[in-house]
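Each chain is listed here by its residues.
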Amino acid sequence: MTTVSTKPYLIRAIYEWCVDQGFTPYIAALVDGNTRVPPGFARNGQIVLNVSAEATQHLVMDNEGIAFSARFNGMPHSLFIPVGNVVAIYARENGHGMAFEVEGAETSAEELEMPVSGARPMSEEGRKEKGKEKNKEGGKEPPPGSAPPSGTPPRGGHLKIVK
């Protein structure tokens, strides 16, 4: 008898917790040949996605992957993230959630520039540069379905890495 990983169940549980609390669920994932995301939105082999009901259509989270449709720069795209590629799921508002070991990958979650608290702190110089960028943009939030800037940690929170 084969055992199904607990990872897809934990992803769905954290997603439901975010929704129940009124938070915006985000996932961070590795992008490889098995991942279907719009070209040009992945950075450093990873992508961060808003998976809230407002940002997605036809969201399906099963034991194999996360599939949904979303708009990027006004264009609709179908996305698929294999469960094995999910690095973290967390609430954008406070950073609470869960990080995972990437299955079958040589890169660990700690080595990625994940936009989650505790994964890789941003240097003081990076924070200053980020503040300059935000002021140039007028402090606008990214549109639904789009990835936040790489390396931007959510406010507060800690993620536990699950193996």
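In the block above lies the structure referred to throughout.
Being a predicted model, the structure only gives us computed values, none of them experimental. (Residues numbered from 1 in each chain as written. Predicted model: local features only at pLDDT ≥ 70, side-chain atom pairs only at ≥ 80, totals over all residues. Heavy atoms only, no water.)

(A) Layout of the overall build of the protein. Counting its regular elements, the protein contains two helices and eight strands. Counting from the amino terminus, the protein carries its helices and strands in the arrangement α-β-β-β-β-β-β-β-α-β. For the protein, the proportion of its 163 residues judged to be buried stands at 40%. Summarising the internal contacts of the protein: among those between residues at least 6 apart in sequence, 67% fall at separations of at least 24. Only carbon and sulfur atoms are counted for the fraction: they give 52% of the accessible area of the protein, which is about 9400 Å². (Helix = DSSP H or I, 4+ residues; strand = E, 2+ residues; numbered from the N terminus. Buried < 20%, exposed > 50% of the residue type's maximum accessible area, 1.4 Å probe, protein only. Contact = heavy atoms within 4.5 Å. Areas by Shrake-Rupley, 256 points an atom, 1.4 Å probe, with all protein chains shown as cover.)

(B) Broad picture of the pattern of salt bridges. Throughout the structure, instances matching the rule amount to one salt bridge. The salt bridge involving glutamate 93 is made with arginine 92; its shortest N-O contact spans 3.6 Å. (Salt bridge = Lys/Arg side-chain N within 4 Å of Asp/Glu carboxyl O.)

(C) Quick look at the pairing of strand S5 (residues 75-82). With eight bridges connecting them, strand S4 (residues 65-72) and S5 associate as antiparallel partners. What sits directly across from serine 69, in S5, is serine 78. Here S4 folds back onto S5 in antiparallel fashion, the turn holding two residues, of which asparagine 73 has a positive phi close to 50°. (Pairing = 2+ DSSP bridges.)

(D) Structural context of the side chain of lysine 7. Turning to its location among the elements, lysine 7 is positioned in helix H1 (residues 7-21). A relative accessible area of 4% means that lysine 7 is categorised as buried. Only 3.4 Å separates the side chain of lysine 7 from the backbone oxygen of glutamate 101, close enough to count as a polar contact. (Polar contact = N/O pair within 3.5 Å; in protein donor to acceptor, adjacent residues only side chain to side chain.)

(E) Spatial organisation of the side chain of threonine 56. Its location among the elements puts threonine 56 in the loop between strand S2 (46-50) and strand S3 (57-61). Of note is the side chain of threonine 56, whose polar atom sits 2.9 Å from the backbone oxygen of serine 52.

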